[in-house]
Amino acid sequence: MKKKLLLLICCVSFFACTFKSPSPEINLSLYQKKLLFKKVSRQFIASRDQLINALNYQIDFLIKQNPNKIVLNRGTLTCTYGDLLYTALSLMDNINLLWDNITEFSRLFNVYELSTDTLLTGYYEPWLEANYIKTEKYKYPIYGLPKDLKVVDLGKFHPRFEGQKLYYRILGDKIEPYFSRKEIDNGALEGRGLEIAWVKDKVKLFFLHIQGSGRLIFPDGTVKHVLFAGKNGRQYVSLGRVLVKKGLLKAEKVNLKTIFHTLEMHPELVDDLMWANPSYVFFKLADKGPFGCISEPLTPWVSVASDNSFLPWGSIVIGEGELPLQTDVSQKFASIFLAQDTGGAIVKDHLDLFCGSGDKAEFIAGHLKNRIKLYLILRKNE
């Protein structure tokens with residue numbers, strides 16, 4: 001607690017130099033904030049402990065950043081890592097007020113409407129049956145990161161390429177794109193000892209690549225986390241869109257369940273359909289996880305993946321919308337989300353909610369594709 005109080009004092013000292021008040025039309029009034037926070041206190045989809053855990057990870061990330069670096073600049077709304085740290089610390093220290101004294105809680109923070117039409121999807125940790133050795137039952141490999149996969153930051157060569165990376169391999173005296181999904185599935189990496197495990201189901205393995213992490217259940221009952229270690233750098237292509245383009249699914253019917261069902265109905269097309277997505281993910285085994293792009297563990301129902309140029313990592317937001325339920329109805333929610341991850345398919349005004357693992361997580365992640373209202377929370381500059 002002493003450390004947090006000290007940090008609060010330090011944040012205040014430089015905060016005033018970096019924060020510009022936004023225009024009134026996007027800054028909610030006290031009355032509007034109270035109504036919104038009341039919804040949050042009643043419709044929060046995580047537990048208080050989950051939020052506290054996620055905030056601790058957020059603070060661990062933000063305290064390592066340059067507090068004066070501007071991370072969001074939208075006209076008159078500008079904030080730095082220092083602002084985000086100050087907000088996270090304040091929310092941590094006053095979290096109980098959200099449930100016990102909404103009026104006082106509302107006075108502590110500014111709330112800005114960022115969007116009324118943000119796309120919210122979900123991702124989860126799939127469970128796969130696995131073995132450490134290849135057998136007749138376990139014949140589909142999970143590969144670790146290959147040593148010949150090279151990555152270069154193109155921003156070092158010219159400012160216009162800032163944030164872009166090139167993934168390649170060296171072939172003789174020239175460079176080539178790294179192997180595609182089809183090439184890898186057809187044996188491009190065989191014989192290198194890169195296999196960290198083998199699984200039963202190639203379709204579930206494909207979806208492990210989409211989710212980026214999961215859990216492996218071994219024959220002796222032990223469970224291991226399998227975490228993202230790298231990618232081949234090829235363009236990500238949505239399988240749902242491929243199925244729609246080929247006339248195998250209607251766009252409004254695309255979800256995890258219908259995609260699985262379509263693949264089951266057309267086993268002769270499975271390989272070609274999966275190869276339409278040349279992107280490939282490499283993994284590592286771990287006892288803990290999964291971890292977000294901020295190198296901290298993700299928290300179910302709180303952590304979201306975002307495009308850093310739209311919503312900077314380390315931000316705290318409120319999402320307001322609906323969640324799909326297995327009873328064919330929707331659950332209204334107004335919940336606090338923390339931007340702690342990213343993904344190849346997460347661009348612009350799009351957030352991806354980490355739903356955890358299990359049947360509920362799989363269903364919601366597989367069916368969630370709703371538009372939500374999005375609000376940014378920032379501690380008032382005092």
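Note that this is a predicted model, so its numbers are computed, not measured. Chains are numbered independently. Their residues run from 1 in the order of the written sequence. In view of the model being predicted, local features appear only for residues whose pLDDT reaches at least 70, and side-chain atom pairs are presented and counted only at 80 or more, with totals across whole chains, interfaces and linings using the full set of residues. The side-chain figures draw on all heavy atoms in the structure; neither hydrogens nor water molecules are used.

Enquirer: Tell me what's going on with the overall build of the chain, and back it up with residues and numbers.
Expert: Counting from the N terminus, the helices are the DSSP runs of H or I reaching at least four residues and the strands are the DSSP runs of E reaching at least two. Within the chain, the regular secondary structure consists of 12 helices and 17 strands. Seen along its three principal axes, the alpha-carbon backbone of the chain occupies a region of about 65 × 55 × 40 Å. Buried, partly exposed and exposed residues are distinguished by accessible area as a fraction of the type maximum, computed with a 1.4 Å probe on protein chains only: under 20%, between the cut-offs, and over 50%, respectively. Split into buried and exposed, the 382 residues of the chain put 49% on the buried side. For this count, His and the chain ends are skipped, Lys and Arg are scored as positive, and Asp and Glu as negative. By convention, the point assigned to a charge is CZ for Arg, NZ for Lys, CD for Glu and CG for Asp. Averaging the positions of the 50 positive and the 40 negative side-chain charges in the chain gives two centres separated by 3 Å.

Enquirer: Quick one: what's the story with the environment of His 266, residue by residue and with numbers?
Expert: Inspection of the secondary structure puts His 266 in the loop between helix H10 (256-265) and helix H11 (270-275). On a C-alpha basis, the gap between His 266 and Leu 248 in space is 9.4 Å, while along the polypeptide they are 18 residues apart.

Enquirer: Could you give me a rundown of the sheet that holds strand S6 (residues 150-153), with the residues and numbers involved?
Expert: The strands that make up a sheet pair up through hydrogen bonds in the backbone, lying either parallel or antiparallel. DSSP-based pairing: two strands are paired if at least 2 bridges between them are found. The strand order across the open sheet built from 3 strands is S6-S7-S8, with neighbouring strands paired in antiparallel fashion. Strand pairing shows two members of the sheet lacking a second neighbour, S6 and strand S8 (174-177), which therefore form its edges. Going across the sheet, the axis of each strand differs from the next one's by a mean of 50°, ignoring polarity. Inspection of the sheet shows S6 paired to strand S7 (residues 165-171) by 4 bridges, in the antiparallel sense. Axis definition: a line fit to C-alpha positions, over the contact stretch in the case of helices; interaxial angles, taken between N-to-C directions, run 0 to 180 degrees.

Enquirer: Before we move on, could you go through helix H3 (residues 48-62) and cite the residues and values that matter?
Expert: Take the number of residues in a helix, subtract one, and multiply by 1.5 Å to get its expected span. When the terminal C-alpha atoms of H3 are compared, their 21 Å separation across 15 residues agrees well with the 21 Å that a helix rising 1.5 Å per residue should span. Buried within H3 are the following residues: Leu 51, Ala 54, Leu 55, Gln 58, Ile 59, Phe 61 and Leu 62. Buried residues of H3, viewed axially, fall in a sector of 155°; they line one side. Against the buried residues of H3 lie helix H4 (81-93), strand S14 (316-324) and strand S15 (330-341). What the arc measures is the spread of directions leading from the helix axis to the C-beta atoms. Any two residues whose heavy atoms approach within 4.5 Å at even a single point are treated as in contact.

Enquirer: I'd like a rundown of the side chain of Thr 262, residues and numbers included.
Expert: Take Thr 262: it is sitting in helix H10. Side-chain atoms alone can form a polar contact between residues adjacent in sequence; in general such a contact is a pair of N or O atoms within 3.5 Å, and within protein one must be able to donate a hydrogen while the other accepts it. At a separation of 2.7 Å, a polar atom in the side chain of Thr 262 contacts the main-chain carbonyl oxygen of Thr 258. Apart from the residues within four sequence positions on either side, Thr 262 is in contact with Leu 243, Leu 248 and Leu 249.

Enquirer: Explain unusual backbone geometry to me, and be specific about the residues and the numbers.
Expert: That bond from Gly 289 to Pro 290 is cis: its omega, -5°, falls within 30 degrees of zero. In this fold, Pro 290 is placed in the loop between strand S12 (281-286) and strand S13 (303-305). Phi is positive for Trp 301, which is not a glycine, with a value near 70°. Residues other than glycine seldom take positive phi values, yet Lys 348 does so here, at roughly 55°.

Enquirer: Let's hear about the nonpolar core: which residues, and what values?
Expert: Joining through side-chain atoms within 4.5 Å is the link that ties buried Ala, Val, Leu, Ile, Met, Phe, Trp, Tyr and Cys residues into a set, and such a set is a nonpolar core. Counting residues in each nonpolar core, the largest one holds 79 residues, and the members touching the most others are Phe 207, Ile 336, Leu 353 and Leu 376. When residues in this core are grouped by element, the largest group, 7 residues, is from H4. For Phe 207, the contacting residues outside a window of four places in its chain are Leu 239, Leu 256, Ile 259, Phe 260 and Leu 263. Counting 13 residues, the second-largest nonpolar core is a separate cluster that includes Leu 128, Ala 197, Phe 218 and Phe 283.

Enquirer: Which residues make up the side chain of Asn 110, and what are the values?
Expert: Secondary-structure assignment places Asn 110 in strand S3 (residues 109-125). Among the polar contacts made by the side chain of Asn 110, one reaches the side chain of Tyr 112 at a distance of 3.1 Å. The residues contacting Asn 110, other than those within four sequence positions of it, are Asn 27, Lys 33, Leu 376, Ile 377, Leu 378 and Lys 380.

Enquirer: Summarise the sheet that holds strand S9 (residues 195-199); cite the residues concerned and give the values.
Expert: Reading across the sheet, the 6 strands line up as S5-S9-S4-S10-S11-S12 and stay open at both edges, with mixed pairing between neighbours. Pairing within the sheet leaves two strands with one partner each, and these edge strands are strand S5 (140-143) and S12. Averaged over all neighbouring strand pairs, the angle between strand axes comes to 45°, with direction disregarded. Examined bridge by bridge, strand S4 (residues 127-131) and S9 share 2 bridges and lie antiparallel to one another. Its bridge partner lying in S9, Ala 130 is registered against Val 199. Lying on the sheet, helix H8 (residues 202-211) is in contact with S4, S5, S9, strand S10 (213-217), strand S11 (223-231) and S12; it crosses S5 at an angle near 20°.

Enquirer: Which residues make up the packing of aromatic side chains, and what values do they have?
Expert: Centres within 6.5 Å make a pair out of two Phe, Tyr or Trp rings, where for Trp the six-membered ring is used; the pair is then stacked when the planes are under 30 degrees apart, edge-to-face when over 60, and tilted otherwise. Scanning the model with the defined rule gives 12 aromatic pairs in all. Centroid distance Phe 206 to Phe 207: 5.6 Å. Interplanar angle 85°. Geometry classified as edge-to-face. Overall, the relative accessible area of 2% leaves Phe 206 in the buried class. Among the residues examined, Phe 207 registers a relative accessible area of 6% and is labelled buried.

Everything listed here is a matter of geometry and, on its own, says nothing about what the molecule does.
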